[in-house]
Amino acid sequence: MKMRLTITGRRLALAGAAAIVAALGVSWSGLVSIAANTGHFQVVEWFLHSTMRNAVRTQSLPYSLPEGVDLADPSLVRRAAGHFASACSSCHGAPGVLQSPTVLAMMPPPPRLEGQVGRWEDRELFWIVRHGIKYSGMPAWTTQERPDEVWAMVAFLRALPGMGEEEYRTLALGGEGVAGPPSGLSTAGFDGGTQAALADCARCHGLDGLGVGADGSAGAFPVIAGQSEAYLLSALTAYARGERTSGIMEAAAGIHTPDRLAELAAHYAGQPAAGAAGAGAEPRGATLGAEHRARAVRSSGYDEAHLAELGRRIALEGLPERKLPACQSCHGEAGQPAAPSLAGQPEWYIAAQLQLFKEGARGGGPFAHLMEPIAVNLKDEHIDALALHYARVGR
């Protein structure tokens, strides 16, 4: 006698309920091993790793390298090197930096990246750095509003496999002189904690605030020397509170007390500002800005000289027909103490900040909101022109 099992909606519902009860029972029993030292069954490890790779491959499809970004640019590589040393090397190691046995006891253990980055496409590396990976200890970038910083980290990762220990120390740690003050400057007036914080800042900005970099990477960082103390403290406080977007600076400022941030602001406000680049000289940050400027010249229809002249006119006179006031009314020597001086800043930096303001994504101190209704009236050619102008003039 044959028995026929009829599948009905009621039986399916009962089976689903039984599965849920069974899963909850296993969870309640406490018998599932979550110990990191036991690892995964091989089939489970294969499944999890394959799922991760497939997810990254699929979800990174909307991303592509932006026009004008060269991942081999030394300035772009240097921009992320210090952050890698502070935020990434403690888990992944680095040239001359071994992984701790404690880190290697994680499940899964973080891989050394020198031998891994070649297995991923640029867009996949971008996705991993920007979004992180659940259940692996890999954090997301602290802000999703700064893809420019994420691409800088991708550039650093691309350079990592061929990087020796000495080059890494130079890029990420300031070289052998990181423990002492460069340029003959003294930090003797500060306590040990502030001296350590200044040494940390100096890895990117230099102790003089003019930014580190030779070998084609000069201009990789904004010039903070000679900015007003009020502005620098406002900026550092905004970074520390997450009110100004930067995955690099939020981490750098967020570990310090308000009193220490005030000491850092006072130090850099007291340093001599950068001199003029000179008419016709290469703009500060020229290496990082070369591709950007070539694109700007192509898209605007201006040659470089006319682009620079447009920037000078907006900076000094404004464009009333576009509701653009003269930048120097706030950012010049007679401007507001809480507004930064723009003269002598790297070309890429001015362009990036104006674009963030235009998108409503920059944030900042108590006066940052004043820039947004101005920035929305900027065309791309205006941004490019102002970036070129200010990179060529000094304070």
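Residues numbered from 1 in each chain as written. Predicted model: local features only at pLDDT ≥ 70, side-chain atom pairs only at ≥ 80, totals over all residues. Heavy atoms only, no water.

K.L.:
Give me the overall build of the protein chain: which residues, what numbers.
P.N.:
When its secondary structure is counted, the protein chain shows 17 helices and zero strands. Looking at the protein chain residue by residue over its 395 residues, the buried ones come to 40%. Sequence-distant contacts in the protein chain: of pairs separated by 6 or more residues, those separated by 24 or more amount to 70%. (Helix = DSSP H or I, 4+ residues; strand = E, 2+ residues; numbered from the N terminus. Buried < 20%, exposed > 50% of the residue type's maximum accessible area, 1.4 Å probe, protein only. Contact = heavy atoms within 4.5 Å.)

K.L.:
So, the environment of Arg-322: which residues are in play, and what are the values?
P.N.:
Structurally, Arg-322 is set in the loop between α13 (304–316) and α14 (328–331). Looking at Arg-322, the relative accessible area reads 30%, which means it is partly exposed. Separated by 55 residues in the primary sequence, Arg-322 and Asn-377 place their C-alpha atoms 6.3 Å from one another. Sequence-distant contacts of Arg-322, that is, excluding residues within four places in its chain, are made with Asn-377, Leu-378, Lys-379 and His-382. Of note is the side chain of Arg-322, whose polar atom sits 2.7 Å from the backbone oxygen of Asn-377. (Polar contact = N/O pair within 3.5 Å; in protein donor to acceptor, adjacent residues only side chain to side chain.)

K.L.:
Residues and numbers for a nonpolar patch on the surface, please.
P.N.:
Among the surface-exposed residues, Phe-41, Val-43, Val-44, Trp-46, Phe-47 and Leu-48 lie close enough to one another that they form a single nonpolar patch of about 690 Å² accessible area. Along the polypeptide, Val-43 turns up in helix α2 (residues 42–59). The class for Val-43 is exposed, based on a relative accessible area of 56%. (Patch = residues over 30% accessible without salt bridge, like charges linked within 9 Å, V, L, I, M, F, W, Y side chains within 5 Å. Areas by Shrake-Rupley, 256 points an atom, 1.4 Å probe, with all protein chains shown as cover. Salt bridge = Lys/Arg side-chain N within 4 Å of Asp/Glu carboxyl O.)

K.L.:
So what about the pattern of salt bridges? Which residues, and what values?
P.N.:
Considering all chains together, one arrives at 11 salt bridges under this definition. It is possible to trace a salt-bridge network through shared partners that takes in Arg-79, Arg-146, Asp-148 and Glu-149.

K.L.:
Help me get a handle on helix α5 (residues 122–131), residues and values and all.
P.N.:
Within an α-helix, residues lying three or four positions from one another point in the same direction, as the helix has 3.6 residues per turn. With seven of 10 residues buried, α5 lies mostly within the body of the structure. Among the structural elements, α2 and α6 (147–159) are those in contact with the buried residues of α5. Looking one or two residues past α5, Gly-132 carries a phi angle of roughly 70°, positive in sign.

K.L.:
Before we move on, can you summarise the packing of aromatic side chains with the specific residues and values?
P.N.:
Inspection of every chain in the model, using the stated rule, returns five aromatic pairs. On the basis of an interplanar angle of 85° and a centroid distance of 6.4 Å, the ring pair of Phe-84 and Tyr-168 is categorised as edge-to-face. A residue pair is termed long-range when its members are at least 10 positions apart, and Phe-84 in helix α3 (residues 74–92) and Tyr-168 in helix α7 (residues 165–173) qualify at 84 residues. Each member of the pair Phe-84 and Tyr-168 is classed as buried. Through pairs of rings, three or more aromatic residues link up here, namely Tyr-63, Phe-126 and Trp-151. The positively charged end of Arg-53 is found above the aromatic ring belonging to Trp-120, 4.0 Å away from the centroid. (Phe/Tyr/Trp six-rings, centres within 6.5 Å; stacked < 30°, edge-to-face > 60°. Lys NZ or Arg CZ within 6 Å of the ring centre and 35° of its normal.)

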